[in-house]
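Chain and residue survey
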Amino acid sequence: MKENAKTFSACDVVRFYAGASELQKAECTILEQMREGLAGARMLDIGVGGGRTTPHFAPAVREYVGVDYAPEMIDACRKRFADDPWRFDVADVRALKAFTDREFDFVLFSFNGIDYIDHDDRLRALDEVRRVLRPGAPFVFSSHNMGTLGRLFAFEPCGVLAAVEGALKWARLRLNNPKLDELKARPWAIVNDGSYRFRGRTYYVRPDEQVRQLEAAGFVDIELYTLEAGLRADESACAASADSWLYYTCRRR
């Protein structure tokens, strides 16, 4: 989605990501579970942004490569980690041309980066991730939860100022998107959810549909983790959760 590429190159967005450094609970859980097996791994961190995940994952692996399709994000990473040995390159997950088949032992695509390309490109991205992973290697990513669209579109005023702000946001959400019932009937949908001051469009997906996409792309051992608690859960529990997005772990077949 062209509007998203422009958004992630904007100065305020780059500045925000360059200042981020904390892992989410699900990421902490997954990192601790995987840490012992990462010591000899070559890792690809896709959609690295301003390097939020870098200081946590890079020291845990043998070789670390962070990529992003926004040159401005890569510039921010190179400045931020100028004294470290880690590599940062501009690359597009839809065509990871700089990397050979089965080159990596672990791929991470955090903070819903996969949600800012369209559906067909998402499927291409999954194919590319599979291509650059060795057989049996893990892939970890997060994605927006379709089950939370009802809460996103709800208008619940609390105080005068909040009511005015909420009403304006609610009106913009309704004007910029199909009707909620139509969205909820789909297995996935691209939504203008107000992110980045309504400058972005975001892919939301039902957990069962995301699992289906992964299986079709050649991934196995798929597990889901909740965002807020950082705990493993089944598809039905995740679909009914209030978590805005979910984490998925899987392995290349």
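Preceding block: the structure.
Residues numbered from 1 in each chain as written. Predicted model: local features only at pLDDT ≥ 70, side-chain atom pairs only at ≥ 80, totals over all residues. Heavy atoms only, no water.

A word on the packing of helix 6 (residues 119–132) against helix 11 (residues 207–216). Close contact between helix 6 and helix 11 brings their axes to 10 Å; oriented N to C, the two are set at 50°. In terms of orientation, helix 6 and helix 11 fall into the oblique class. Two secondary-structure elements touch here, helix 6 through His119, Arg122, Leu123 and Leu126 and helix 11 through Glu209, Gln210, Gln213 and Leu214. Residues that form the contact of helix 6 with helix 11 fall into these classes: 3 nonpolar, 3 polar and 2 charged. (Axes fitted to C-alpha atoms, helices over the stretch in contact; angles between N-to-C directions. Helix = DSSP H or I, 4+ residues; strand = E, 2+ residues; numbered from the N terminus. Parallel < 35°, antiparallel > 145°, perpendicular 65-115°, else oblique. Contact = heavy atoms within 4.5 Å. Nonpolar A, V, L, I, M, F, W, Y, C, P; charged D, E, K, R; others polar.)

This part is about the packing of helix 2 (residues 11–18) against helix 5 (residues 71–80). Geometry of a packed helix pair, given as the angle between the helix axes and the separation of the axes. Where helix 2 meets helix 5, the closest approach of the two axes is 10 Å, and the angle between their N-to-C directions is 35°. Where helix 2 crosses over helix 5, the handedness of that crossing is right-handed. Residue-level contacts link Val13, Val14, Tyr17 and Ala18 of helix 2 to Glu72, Met73, Ala76 and Arg80 of helix 5. (Left-handed = near helix turned anticlockwise from the far one by under 90°.)

Moving on, we come to helix 2. Residues of helix 2 that are buried: Val13, Val14 and Tyr17. Taken end-on, helix 2 shows its buried residues confined to a sector of 100°, consistent with a single buried face. Exposed and facing more than 90 degrees away from the buried side of helix 2 are Cys11, Arg15 and Phe16. Against the buried residues of helix 2 lie helix 1 (2–7), helix 5 and helix 10 (195–198). (Buried < 20%, exposed > 50% of the residue type's maximum accessible area, 1.4 Å probe, protein only. Arc of directions from axis to C-beta.)

A word on the pairing of strand 7 (residues 202–205). Going residue by residue along strand 7, you find Thr202 and Tyr204 tucked away on one face and Tyr203 and Val205 tucked away on the opposite face as well. Note that strand 5 (residues 138–145) and strand 7 share 2 bridges and pair parallel. Within strand 7, the residue paired with Asn145 across the bridge is Val205. (Pairing = 2+ DSSP bridges.)

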